Amino acid sequence: MSEHVHVRINKGLGVTEDGELVEHSYCRCGTTWTKVYQVEDDPSE
C-alpha cells in the first residue's frame, strides 16, 4: 500500500481589493490551498 504525499504546485498569485497578497496552490490529487498574506500599514510611506 502506498502513501500519498502532497506536492504543492503554484497555481498563481493575486491581490485583493484591500491590497492583500493571495497565493493559490494545488496538488495533482485535487487538493487546493489558498494563503492570504496580511499587509501591515507602514506609516513611513
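### What to know about the overall build of the protein chain
Moving on, step 1. Along the protein chain, the regular secondary structure elements total 0 helices and 3 strands.
Moving on, step 2. In sequence order, the secondary structure elements of the protein chain are arranged as β-β-β.
Moving on, step 3. The 45 residues of the protein chain split such that 11% are buried.
Moving on, step 4. Counting contacts in the protein chain only where the partners sit at least 6 residues apart, residues at least 24 apart contribute 7% of the total.
Moving on, step 5. For the protein chain, the exposed surface amounts to about 4,300 Å²; the carbon and sulfur share of it is 47%.

### Regarding the sheet that holds strand E3 (residues 32-37)
Moving on, step 1. What the 3 strands build is an open sheet, ordered E1-E2-E3; its pairing is antiparallel. Two strands in the sheet have a free side with no partner beyond their single neighbour: strand E1 (9-15) and E3. Recorded for the sheet is a direction-independent mean angle of 20 degrees between the axes of neighbouring strands.

### Description of the side chain of Glu-20
Moving on, step 1. Along the polypeptide, Glu-20 turns up in the loop between E1 and strand E2 (21-26).
Moving on, step 2. Put simply, Glu-20 is tucked away with no salt bridge, and the nearest opposite charge, on Lys-35, sits 13 Å away.
Moving on, step 3. At a separation of 3.4 Å, a polar atom in the side chain of Glu-20 contacts the side chain of Gln-38.
Moving on, step 4. When sequence neighbours within four positions are dropped, the list of residues in contact with Glu-20 reads Gly-14, Val-15, Val-36, Tyr-37, Gln-38 and Val-39.

### As for a nonpolar patch on the surface
Moving on, step 1. A contiguous nonpolar surface patch, about 390 Å² in accessible area, is contributed by Leu-13, Val-15, Leu-21 and Tyr-37.
Moving on, step 2. For Leu-13, the position within the fold is in strand E1.

Thresholds, definitions, all that
Residues numbered from 1 in each chain as written. Predicted model: local features only at pLDDT ≥ 70, side-chain atom pairs only at ≥ 80, totals over all residues. Heavy atoms only, no water. Helix = DSSP H or I, 4+ residues; strand = E, 2+ residues; numbered from the N terminus. Buried < 20%, exposed > 50% of the residue type's maximum accessible area, 1.4 Å probe, protein only. Contact = heavy atoms within 4.5 Å. Areas by Shrake-Rupley, 256 points an atom, 1.4 Å probe, with all protein chains shown as cover. Pairing = 2+ DSSP bridges. Axes fitted to C-alpha atoms, helices over the stretch in contact; angles between N-to-C directions. Lys, Arg positive; Asp, Glu negative; His and termini not counted. Salt bridge = Lys/Arg side-chain N within 4 Å of Asp/Glu carboxyl O. Polar contact = N/O pair within 3.5 Å; in protein donor to acceptor, adjacent residues only side chain to side chain. Patch = residues over 30% accessible without salt bridge, like charges linked within 9 Å, V, L, I, M, F, W, Y side chains within 5 Å.

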